[in-house]
Amino acid sequence: MNGRAIRIVYGKELRDSLRDRRTIISMIVIPVVVMPLLMFGVGSLMFKTMTKARQEIPHVMIIGGEDSPKVLAALRAARNLQIVSTTEDFTNQIVEKQVRAVVKLPPDFDAAVARGTRPRWTFTSIKAR
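Residues numbered from 1 in each chain as written. Predicted model: local features only at pLDDT ≥ 70, side-chain atom pairs only at ≥ 80, totals over all residues. Heavy atoms only, no water.

Would you mind going over the overall build of the protein with me for this structure?
When you go through the protein residue by residue, the secondary structure sums to five helices and four strands. Ordered by position from the N terminus, the helices and strands of the protein form the series α-α-β-α-β-α-β-α-β. Taking 14 Å as the expected radius of gyration for a compact globule of 129 residues, we find that the protein reaches 31 Å, considerably beyond that expectation. Overall size of the protein, expressed as C-alpha extent along the three principal axes, is 90 × 30 × 25 Å. Taking all 129 residues of the protein together, 18% fall into the buried category. In the protein, 55% of the contacts between residues at least 6 apart in sequence involve partners at least 24 apart. (Helix = DSSP H or I, 4+ residues; strand = E, 2+ residues; numbered from the N terminus. Rg over C-alpha atoms; globule rule 2.2 N^0.38 Å. Buried < 20%, exposed > 50% of the residue type's maximum accessible area, 1.4 Å probe, protein only. Contact = heavy atoms within 4.5 Å.)

As structure tokens, then:
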């Protein structure tokens, strides 16, 4: 094929495409207008969600630890946590997102830390379920 025939076919196809309103909308309006609006909308929604998550103070339940007053005092003094009272149905509260996490401290946790040993503790959260 020569260049002239290619130009003629290309010109005909271009004219046919420009006559169709749906083609113009799908080629120009959607990429230029709708896609940036969609990207901006998703970005702003994500920003709002992240801001809300950062401002939220998680509710944490501590099970045990009655014999570990230092750890409990340190956890209660933390500004980025809110300690809630212990209940039996903590798993349901995690599922219903009333409590973000549950920490189960073993007996004599403070004493084990003071001795330099690593006591085993249990952590349960929404992500673990």
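Explain unusual backbone geometry here, please?
Note: most residues except glycine have negative phi, and most peptide bonds are trans. Not every positive phi belongs to a glycine, and lysine 97 is a case in point at roughly 60 degrees. The exposed category is assigned to lysine 97, whose relative accessible area is 62%. Here aspartate 108, not a glycine, exhibits a phi torsion of approximately 55 degrees, which is positive. The topology assignment puts aspartate 108 in the loop between strand 3 (101-104) and helix 5 (109-115). Judged by its relative accessible area of 44%, aspartate 108 falls in the partly exposed class.

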